[in-house]
Amino acid sequence: MNEVDSVRVITLVDNNIWKKGLASIWGLSFYVETYKNGKTYPLLMDTAGSFNSLLKNSIELNVDIGNVKSVFISHWHGDHCGDLSHILNLVKGVTPVYVPSYNVEVKRIKKTGAVAKICDRPIEFEEGIMSTGKVTEGLSEHSLLINVKGKGLVVLSGCGHPGITKILKRAQKVSGINKVHAVIGGFHSVSSEFDGVVLANFLGEMDVKLVSPCHCTGDNARRGLEKILRKRYVRNGSGRIISI
Ligand SMILES: [Fe+2]
């Protein structure tokens, strides 16, 4: 897998609020901007469940979602792909939409003039930016990988239905990069404090430098993760900006 010079991940919408005044709903949306040789590549990962909340927060955070070059939908749940066609109508140009599997939404994507790309297999759709390819564990979900120069993989998970450990192992395998620098997103697969501690120990053994669970990660699991990971744990919510 190729690499980028750096990446900035802005949490546009999350269940929790990081920056006062922003909207919060059950759902997730990240604005991801990579930088390479002076060029930027902005993309939208997931659209949360409400167009109004996404638009309000984007304006407040000075993010122009109309300028994204692609959209990445982690899985077909309403809290990740809600109002997708409204958002695609805002985006200029013919936008590739990377999705994990076929769904009736694909027809709606076509109607907006965008192009659905089904990620059955891993695909590096832009230098240094990759889909893990779908992992099916009850439902199909794929995760977004960014390989940052001198750091390693930044793994962005939607809900994390397949489980974070499985996602990370898949990420290493498909990218050919062993070093995982950061994991950000939904850690759906852990709920109790004990689960959080077990996962934190696994992430510690992998020497992951930044762990930022949000969205569907259980509160008890967050406590367990934070207790073990300490400074490597980064709280998240609508308006959080992480630069790597
Ligand atoms: Fe979710």
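Since we're looking at a predicted model, the values are computed, not measured.

If you look at the biggest cluster of nonpolar residues, it comprises 61 residues, and the most contacted ones within it are Val 155, Leu 156 and Val 183. Of all the elements, strand S1 (residues 6–13) adds the most residues to this core, at five residues. If near-sequence neighbours (up to four positions away) are discounted, Val 155 is found in contact with Ser 143, Leu 145, Ile 167, Leu 168, Ala 171, Val 180, Ala 182 and Val 183.

Taken together, the seven strands give an open sheet; going across it, the order is S6-S5-S4-S3-S2-S1-S15, and neighbouring strands pair in mixed fashion. Looking at which strands have only one partner, the edges of the open sheet turn out to be strand S6 (115–118) and strand S15 (241–243). This sheet shows a mean twist of 20 degrees between the axes of neighbouring strands, independent of strand direction. Note: S1 against strand S2 (residues 29–36), seven bridges, orientation antiparallel. Across the sheet, the residue bridging to Ile 10 is Tyr 31, located in S2. Relative to S1, helix H1 (residues 51–60) is tilted by about 130 degrees, and along the sheet it contacts S1 and S2.

Turning to the sheet that holds strand S11 (residues 144–148), a few remarks are in order. With respect to topology, six strands assemble into an open sheet ordered S7-S8-S11-S12-S13-S14, the strand pairing being mixed. Single-partner strands in this sheet number two, and they are strand S7 (123–126) and strand S14 (210–214). On average, each strand axis in the sheet is inclined to that of its neighbour by 20 degrees, with strand direction left out of account. Relative to S11, strand S8 (residues 129–131) runs antiparallel, the two sharing three bridges. Following the sheet pairing, Met 130 is matched in S11 by Leu 145. Running at roughly 135 degrees to strand S12 (residues 152–157), helix H5 (residues 164–175) makes contact with S8, S11, S12 and strand S13 (180–186) of the sheet.

Here we come to H5. The terminal C-alpha atoms of H5, which comprises 12 residues, lie 16 Å apart, in line with the 16 Å expected from a rise of 1.5 Å per residue. Buried-residue contacts for H5 involve S8, strand S9 (135–137), S11, S12, S13 and helix H6 (193–205). Within two residues after H5, Gly 176 carries a phi angle of roughly 75 degrees, on the positive side.

Here H6 crosses helix H7 (residues 219–229) at 40 degrees, and the two axes come no closer than 7 Å. As judged from the angle between their axes, H6 and H7 are oblique. Where H6 crosses over H7, the handedness of that crossing is right-handed. Across the interface between the two elements, Glu 193, Phe 194, Asp 195, Gly 196, Val 197, Leu 199, Ala 200, Asn 201, Leu 203 and Gly 204 of H6 pack against Asn 220, Ala 221, Arg 222, Arg 223, Gly 224, Leu 225, Lys 227, Ile 228 and Leu 229 of H7. Residues belonging to the contact of H6 with H7 are distributed by class as follows: nine nonpolar, five polar and five charged.

To continue, consider the environment of Asp 195. Inspection of the secondary structure puts Asp 195 in helix H6. On the basis of neighbour counts, which here come to 18 C-beta atoms within 10 Å, the residue Asp 195 falls in the partly exposed class. For Asp 195, the contacting residues outside a window of four places in its chain are Val 190, Ala 221 and Gly 224.

Rules behind the numbers
Residues numbered from 1 in each chain as written. Predicted model: local features only at pLDDT ≥ 70, side-chain atom pairs only at ≥ 80, totals over all residues. Core = buried A, V, L, I, M, F, W, Y, C linked by C-beta atoms within 7 Å. Buried ≥ 20, exposed ≤ 12 C-beta atoms within 10 Å, placed from the backbone. Helix = DSSP H or I, 4+ residues; strand = E, 2+ residues; numbered from the N terminus. Contact = placed C-beta atoms within 7 Å. Pairing = 2+ DSSP bridges. Axes fitted to C-alpha atoms, helices over the stretch in contact; angles between N-to-C directions. Expected span 1.5 Å × (residues − 1). Parallel < 35°, antiparallel > 145°, perpendicular 65-115°, else oblique. Left-handed = near helix turned anticlockwise from the far one by under 90°. Nonpolar A, V, L, I, M, F, W, Y, C, P; charged D, E, K, R; others polar.

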